[in-house]
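Summary of structural features
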Amino acid sequence: AQKVTQTQTSISVMEKTTVTMDCVYETQDSSYFLFWYKQTASGEIVFLIRQDSYKKENATVGHYSLNFQKPKSSIGLIITATQIEDSAVYFCAMRETGNYKYVFGAGTRLKVIA
Amino acid sequence: DPKIIQKPKYLVAVTGSEKILICEQYLGHNAMYWYRQSAKKPLEFMFSYSYQKLMDNQTASSRFQPQSSKKNHLDLQITALKPDDSATYFCASSHDWGVYEQYFGPGTRLTVL
């Protein structure tokens, strides 16, 4: 069965630094898709970035990038030059091709300090 | 203008009653979804629809019934409400059903007394 685990409950970093949030997943599928979403303090959920399992290159969008380590079933989210407004809860999610259910991790709360 | 509208924003109901949560998307997407988020669990997938057809149902209880009157509408009817149903319900949509990223509505916070 699909499973997504985010072990970091909460992280605090200084503004303008780089932070990595961890996510490990379990799947029996050879093809799957990984996503990161951000939930702001207002409750809004926003898509950030995705990684397709068959792609070897790590995805990058703006100041978000991924550290995809397929042998370790790991998909870390890296945020560079963090800003106060990056403070939010970050969710990792997975979707298999054989089972189109989205499974979300429990989330990591990021606090960026000035 | 908001691209995904959910009504109402807040909803208070009594145990045993029935409520309908409304969702409309104006992104031109063909797939829509419902999720639930409570203090006890992370975002929990409930249903997915594609072109108004139910594609996946991960909700164990038949008290939760999605209703799609138009391609860009996916309402959620909840009957015989229980206090455990208290949560924020998010509607989402994606370009098509499949492995596309999803766009979420603002949510409806339901409290069952």
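Bear in mind the structure is a predicted one, so any value in this text is a computation, not a measurement.

1. Looking at the overall build of chain B
Along the backbone of chain B there are zero helices and 11 strands. In chain B, the order of α-helices and β-strands from amino to carboxyl end is β-β-β-β-β-β-β-β-β-β-β. Whereas a compact globule of 113 residues would reach a radius of gyration of roughly 13 Å, chain B reaches 13 Å, a difference of no more than 12%. Looking at chain B residue by residue over its 113 residues, the buried ones come to 51%.

2. A look at the pairing of strand β9 (residues 87–94) of chain B
All names here are of chain B. Taking burial as the measure, the eight residues of β9 include eight buried ones, the bulk of the element. Note that strand β4 (residues 31–37) and β9 share seven bridges and pair antiparallel. Opposite Ala31, over in β9, you have Ser94 as the bridge partner. Pairing of β9 with strand β11 (residues 108–112) involves three bridges; the strand directions are antiparallel. Residue pairing across strands places Tyr89 opposite Thr108, the latter belonging to β11. Two strands pair when backbone bridges link them, and β9 and strand β10 (residues 103–104) are joined in this way by two bridges, in the antiparallel orientation. Residue Ala92 lies in a different strand from β10, and its bridge partner there is Phe104.

3. As for the pattern of salt bridges
Where charged atoms from two side chains of opposite charge come close, those side chains can pair. Here the structure, examined in full by the defined rule, presents five salt bridges over all chains. With a shortest N-O distance of 3.8 Å, A:Asp52 and A:Lys55 are connected by a salt bridge. Linking B:Asp85 and B:Arg63 is a salt bridge whose minimum nitrogen-to-oxygen distance equals 2.8 Å. Note that B:Asp85 is positioned in the loop between β8 (75–78) and β9 and B:Arg63 in the loop between β6 (53–57) and β7 (64–67), a separation of 22 residues in sequence. As far as the burial class goes, B:Asp85 and B:Arg63 line up, both buried. Here the residues in one salt-bridge network are A:Arg50, A:Asp52, A:Lys55 and B:Glu101, joined through shared partners.

4. Considerations on the confidence of the model for chain A
In the predicted model, chain A carries a mean pLDDT of 94, and 99% of its residues have values of at least 70. Of all secondary-structure elements in chain A, the lowest mean pLDDT belongs to strand β11 (residues 102–104) of chain A, at 89, while strand β9 (residues 74–79) of chain A reaches the highest, 98.

5. Structural notes on the sheet that holds strand β3 (residues 19–25) of chain B
Residues and elements named next belong to chain B. Spatially, β1-β3-β8-β7 is the arrangement adopted by the four strands of the open sheet, whose pairing is antiparallel. One side of each edge strand has no neighbouring strand; the edge strands of this open sheet are β1 (4–7) and β7. Sheet twist, expressed as the mean angle between neighbouring strand axes with direction ignored, is 15 degrees. In terms of strand pairing, β7 meets β8 through four bridges, oriented antiparallel. Residue pairing for β8: Phe64 is matched across the bridge by Ile78.

6. With respect to the side chain of B:Gln6
All names here are of chain B. Inspection of the secondary structure puts Gln6 in strand β1. Judged by relative accessible area, Gln6 falls into the buried class, the value being 7%. Only 2.9 Å separates the side chain of Gln6 from the backbone oxygen of Tyr89, close enough to count as a polar contact. At 2.9 Å, the side chain of Gln6 forms a polar contact with the backbone nitrogen of Gly107. With residues up to four places along the chain from it excluded, the contact list for Gln6 reads Ile22, Cys23, Trp34, Tyr89, Phe90, Cys91, Gly105, Pro106, Gly107 and Thr108.

What counts and how
- Residues numbered from 1 in each chain as written.
- Chains lettered and ligands numbered in written order.
- Predicted model: local features only at pLDDT ≥ 70, side-chain atom pairs only at ≥ 80, totals over all residues.
- Heavy atoms only, no water.
- Helix = DSSP H or I, 4+ residues; strand = E, 2+ residues; numbered from the N terminus.
- Rg over C-alpha atoms; globule rule 2.2 N^0.38 Å.
- Buried < 20%, exposed > 50% of the residue type's maximum accessible area, 1.4 Å probe, protein only.
- Pairing = 2+ DSSP bridges.
- Salt bridge = Lys/Arg side-chain N within 4 Å of Asp/Glu carboxyl O.
- pLDDT = per-residue confidence, 0-100.
- Axes fitted to C-alpha atoms, helices over the stretch in contact; angles between N-to-C directions.
- Polar contact = N/O pair within 3.5 Å; in protein donor to acceptor, adjacent residues only side chain to side chain.
- Contact = heavy atoms within 4.5 Å.

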